[in-house]
Amino acid sequence: MIKHLRLAAFVIAGVAATSAAHADVTVYSAGPAGLINGLAEGFKAKTGVQVNVFQGTTGKVLARIEAEAANPQVDVLVSASWDTANDFTQRGWLLPYTSPNAATVPDFLKSETAVAQGVSALGIVWNPKSGTPKPEEWADLTKPEFKDLVTLPDPAQSGAAFELVAALSGTAGNWKLFEDLAANGAIVAGANAAALNPVLQGAKAAVFGAVDYISFAGKKKGESVEVIFPASGTVVAPRPVMILNWSKNQDEAKQFVDYILSDEGQALVAKAFLIPARTDIPADRPVIKDLKLLEIDSTQVYANRAQMLEEFSKIFSKK
Amino acid sequence: MTPTAAHARDNDPASGSASTAQPEVSVDGVALTIGQNTILRRIDLALPPGHIQALLGPSGCGKTTLLRIVAGLLTPSEGKVRIGGATVADASSGAFVPPERRGLGMVFQDYALWPHLSIGGNVAFPLEMRGVGGAERKTRVAKALALVGLSGFEARSPASLSGGQQQRVAIARAIVAEPRIVLFDEPLSNLDKELRDQLSTELAALVRDLGLTALYVTHDQGEAFAMADSVAIMRGGQIVQNAPPEELVDAPADPETAEFLNLGPVFTAVERDGAWRLTDADLALEPPSAFAGQSGANSRKARVLLARRALSLTAPGTGDCDGTVNHSLFRGDHHLVTVALDRPAQAAAAQPVATHPVDVLVVSERRIRTGERVGVRVLPDRLRWFADA
Amino acid sequence: MSTPGTTRNPGPVVWGAAAALIVLVAIPLLFIVLQAIFPAIGQGSLASPFDGVLDVLTDPKLVGMAGNTLVLGLGVVVCSAVIAVPLAFLRALFQVPLARLWDVLLLIPFMIPPYIATLGWIMTVQPNGYLKQVTGLDAGSYLFSIGGVIFVMTLGVFPVVYFAVSRTVEAIGGRYADVGRVFGASPFTALRRVTLPLSLPGLAASLLLVFAMAIEEYGTPAALGRQAGFEVLVTGIDTRVSDWPIDLRGAAVLSLVLVMMSLGAFMIQLRILANRSFETVGGKPQAVRKRPLGIFAIPVVAAFAIVTLLAVGVPLFAIFATALSKTLSGGLSPDNLGFDHFRAIVADENGAFRALVNSLSLGIATAVITGVIGAATSYMVVRTRFRGKGFLDALTVMPNAIPGVVVAVGIILAWNQPWLPVTPYNTPLILLMAYCCILLPYPVRYANAAFRQVGDNLEAAARVFGASPLVAFRRILFPLVLPSLLASMLLVFAVATRELVASLLLAPVGMSTISTFIWRQFDQGSVGLGMAMSAVTILITTTIPLLVTLASGRRGPM
């Protein structure tokens, strides 16, 4: 027993020692862990400023910020949904800042208080080994060849998926496409990874509206998978970077935002198969100008969010 | 080593006379009430050094509770307990010495051997707690095990022993630290009779050889009589009589005690015209002086114990009363004969049904057949009379 | 006889346990309650109390979610009992061939994180899954149903019942059943009337634990139930915590509903055990003799083998197959197999190695701390009487009912207050506290059952022979409950090493654990790397208990 206690003391001491190193900038980030870790390392190498990262889904990151509200810890936040930027701006939690490196970021990817780190787009992710014809359009997945072979990410769990549903159903509430999908045996599979997994294994043939960068990365590793962006249009999910106005390290926070938007930072973004926010950075994948974007009225769409999710889940729980 | 109550007493010069000696254990007015339940009421006991005191009673009489109060496993709600002159529990002042500082030995009914320790580990525990060093511990454990006839059993596990052997280990554990006082909580009741008789003899010898003061709880009177200098009969949370075994047999305090001790049947006697007779048998009795000399008061009642030792058999018509033999039991060196005494003539006529048969037990040298007529002779000075309440 | 007028006053053991319970459990719980009452507690404000509580409680979905939770909990309890109780009795009373092997194998489900096991099952039985690839059978999509959720969860938790019951019955040792048979009971009647009732404390405690685990578990219902429209309270809570706008108070209110359910189960357990004495380790130690199985050896071994195959074989196969597949879409063809993912872990890609070390250290520390606190708490609950012990006992069961994510929120609310001069928040210590809070019920339940079975006189004897309360605890009671306690500590170690839900929210900046690492790999589509990490973890967390068991086995069973 004494030995155990000694071990515990050792562990606690070790644990305390790790925590003693103080963070200079604290970043909460959704999205690829590799990317944010790379950015943190690169930034430290360049400036000597330590970046401490908490990484999770957008939901977990926001829940942590909410719970910490009495004594906020975060300096810089990277969300996977632009909606976060709108909401935090409304709450007055953000520090207005325009990075000098943001000059070539298109206007729709920046505001006074937020700027995109990178952008992901939604597409059809299709397994060529599935024995199905290559789909070109969203509606192709309602065809009999895809009977029981389609998954959808849950719009309640993925902001981008929600925007796609909103864009495709339109403000008039035209749910025909989704009713057809449901009638064709498509299932709502949870978050993005849960929708993709059965397609990779061959249980399903295609994901309707998958976040693209994960599949690009998978393809690079040799997975049998293709990403198709329908010509009729799709939606993109810009990933906003924000500085919280309670930050006590605002200068370092600004430097970090500058670094994300620097040539080096944007190259790391491109390497994670995201579309770089800056249009002058090359990427090994279709970028925004290659895509047709569907318009949505985000104010109105987000006002009706609960209602639309309700409608959506009703359609898919009918069968 | 912490100064314990048991050792504080070492300062007293040993005194030869029991009356002047400091009692080793004394219990003064101890009572225990829990909620509405009175478990013990006003118990007084004093044990001189080397005294073996038995607590005898049916289950539920409070004897184990009293023992646990002396051990410190329970606290009394009234009264005082002293060990070796030092107060270890006092309900009025709230003083309480925990069991581990009372310096006692104890043997439990269920042995309470620790299953995860070896025999040696079990026996060494009290020494360890007293800070006795390893080498000395080893020799003392060996000595204690030798005393109970289990030499060389140190390394074995308690589970590998028979019940009798386990209880020997428990006894070794109780005496190994040479406490002045050992408490026994029905130590032999889990064993079969043969083993019980053997162990109780051994135990009595061991306790006397070691000069221990002992408090011995049991519900077996044979055990109590074999072991104890005095036996306290407990009933309903009280001590009804505390006396040496011989005195208990000679003069039980009340009919219930007499019956509990299985001394013989108790019958009702009634006084008519200055003479005492049993109500249900044709037997005239000579009362002791306390009951005589107050004649005139007709129909006075009393109860009388017809103890075995007060009766003997004789030929029909030659004794104090005749009767018919119900059955006879050979007890190895004597026959125990049950005799139904004849009913009084007038009572049989008046109340043919209501009379109870009076069956007495008589020791006989010879075998007597069932149904045989015999005479019974009574030794008046061996009768025990109880005034009827 | 021994309880009236008892002298067992609360000693240092009790005070220590009470203090630890308050810091680890009561404080976070208090903040959850505060959060349920005061919506703006997170901002440090007590404004508008009870505002909108009614909206949460009158939500028509709540009834459905609560009902589903109950169905799930009871379903898993019943199925676990059906599988585990017969196996446990066979193991305890008969000479089951390969008994030690089954024990070791049935420990493995504890080591497999539920979300991984679920994923393993999905990948095995979904169309074109491993089952189809290996045997050509197609299991269809029955997994995505209430039945599927109960099935997968039962396979993960029934060993809790198996080990608790087999240990208890072993302690009873068939001895009392023999007595029953002497008095004319058939073997079956003896089992039903004697052995079964005597094993009740172990059975009730473990079933309560299973119920609490089932209603608290997130991964399986989320992965399997949602597609079937099967929403339980935990998934509802998770939606409120991760769906913007974050609704912490809604989550807190729903959590309290969940806690009520668990407390209900706890009360039922107390009633079952009320007024019964279950001392089976009396002062008369007896050697245990097990009976031979005879011709039943073969069917019994077959039963053990089938259960083990389902609970251990299938998930492990899926995990290793995926970990060894270069790509998921490549399937189980020889040219697609390789050790690439394991190499990536050794090369510390994405901090895999660091995460392993972090989690293993935390696991060991959690096991030791909860073991010590658990033993002390349980001693306090079973062996002493003082005011407020019922409350403290209830405290030890509540964390089991609170979803990890809500415990995490409570801990943040409690320990991130600006006025605290020092705080463990944002240090690895906070994860340790969270794990201790979540896992404390395991050692407490196990030790409770063990303490109940130790005869009163064993402690009394130690006291009379000179041991202070603390020494009597350390030398007599603690060693007697140690086998049970050790088993629960190994369980804690395994679960703490892979705890996901609280870790996701609480991990201090810059620190990752095994589970957050795995989860990140899944989230980013690197299923193979995630499964490789799972495989390594399962190997490690199985090996350590195995070594401990072997080491303690050499010392004899007790």
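Residues numbered from 1 in each chain as written. Chains lettered and ligands numbered in written order. Predicted model: local features only at pLDDT ≥ 70, side-chain atom pairs only at ≥ 80, totals over all residues. Heavy atoms only, no water.

All names here are of chain B. Within the open sheet, the 5 strands sit side by side as β16-β20-β17-β18-β19. Their pairing is antiparallel. The outermost strands of the open sheet, each flanked by one partner alone, are β16 (311-314) and β19 (358-364). The sheet shows a mean angle of 45° between the axes of neighbouring strands, taken without regard to direction. Summarising the sheet, strand β17 (residues 321-330) and strand β20 (residues 373-378) pair through 4 bridges and their orientation is antiparallel. Its bridge partner lying in β20, C321 is registered against V376. (Pairing = 2+ DSSP bridges. Helix = DSSP H or I, 4+ residues; strand = E, 2+ residues; numbered from the N terminus. Axes fitted to C-alpha atoms, helices over the stretch in contact; angles between N-to-C directions.)

As a further point, take the interface of chain A and chain C. Each partner contributes residues to the interface: chain A has 59 residues there, and chain C has 59 residues. Together, the buried faces of chain A and chain C total about 5,200 Å²; carbon and sulfur atoms form 58% of this surface. Considering only the side of chain A, the residues that lose the most area to chain C are K60(A), R64(A) and Q201(A), jointly responsible for 14% of the buried surface there. On the surface where chain A and chain C come into contact, there are 2 salt bridges. Of the charged contacts, one joins D238(C) and K60(A) as a salt bridge, the two residues approaching to 3.3 Å between their closest N and O atoms. Inspection of the chain A/chain C interface yields 16 residue pairs in polar contact (both at pLDDT 80 or more). Considering each element in turn, the side of chain A that touches chain C owes the most residues, 9 residues, to helix α1 (residues 2-20) of chain A. Tallied by class, residues from the side of chain A that touches chain C come to 28 nonpolar, 19 polar and 12 charged. (Contact = heavy atoms within 4.5 Å. Buried area = accessible area lost by both parts, 1.4 Å probe. Salt bridge = Lys/Arg side-chain N within 4 Å of Asp/Glu carboxyl O. Polar contact = N/O pair within 3.5 Å; in protein donor to acceptor, adjacent residues only side chain to side chain. Nonpolar A, V, L, I, M, F, W, Y, C, P; charged D, E, K, R; others polar.)

All names here are of chain A. Domain boundaries assigned for chain A yield domain 1 (2-119 + 238-284) and domain 2 (120-235 + 293-317). When each unit is reduced to the centre of its C-alpha atoms, the spacing between domain 1 and domain 2 is 28 Å. Each partner contributes to the interface: domain 1 provides 12 residues, whereas domain 2 provides 8 residues. Taking both sides of the interface into account, the surface hidden between domain 1 and domain 2 amounts to around 810 Å²; carbon and sulfur atoms contribute 64%. Interface area lost by domain 1 to domain 2 is led by D83, V119 and F273, which between them contribute 52%. Linking domain 1 to domain 2 there are 0 salt bridges. Linking domain 1 to domain 2 there are 0 residue pairs in polar contact (both at pLDDT 80 or more). Taken together, the residues of the side of domain 1 that touches domain 2 break down into 7 nonpolar, 3 polar and 2 charged. (Domains from an automatic or database assignment.)

Okay, the side chain of S29(A) next. Mapped onto the secondary structure, S29(A) falls in strand β1 (residues 25-29). By relative accessible area, which is 1% here, S29(A) ends up buried. (Buried < 20%, exposed > 50% of the residue type's maximum accessible area, 1.4 Å probe, protein only.)

Residue and element names in this part refer to chain C. Where helix α5 (residues 114-125) meets helix α14 (residues 297-324), the closest approach of the two axes is 8 Å, and the angle between their N-to-C directions is 80°. Judged on the interaxial angle alone, α14 and α5 are roughly perpendicular. Residue-level contacts link I116, A117, G120, W121, M123 and T124 of α5 to L310, V314, P315, A318, I319 and T322 of α14. Its residues placed into classes, the contact of α5 with α14 shows 9 nonpolar, 3 polar and no charged. (Parallel < 35°, antiparallel > 145°, perpendicular 65-115°, else oblique.)

Moving on, we come to the UniProt feature "binding site: Fe cation" (unreviewed entry) in chain A. Sites flagged by UniProt as "binding site: Fe cation" (unreviewed entry) map to Y213(A). Inspection of the secondary structure assignment puts Y213(A) in helix α8 (residues 212-220). Not counting chain neighbours up to four residues away, the residues in contact with Y213(A) comprise G31(A), P32(A), S120(A), R239(A), A272(A), F273(A), L274(A) and Q524(C). (UniProt positions renumbered as here; feature names shortened; annotations may be inferred.)

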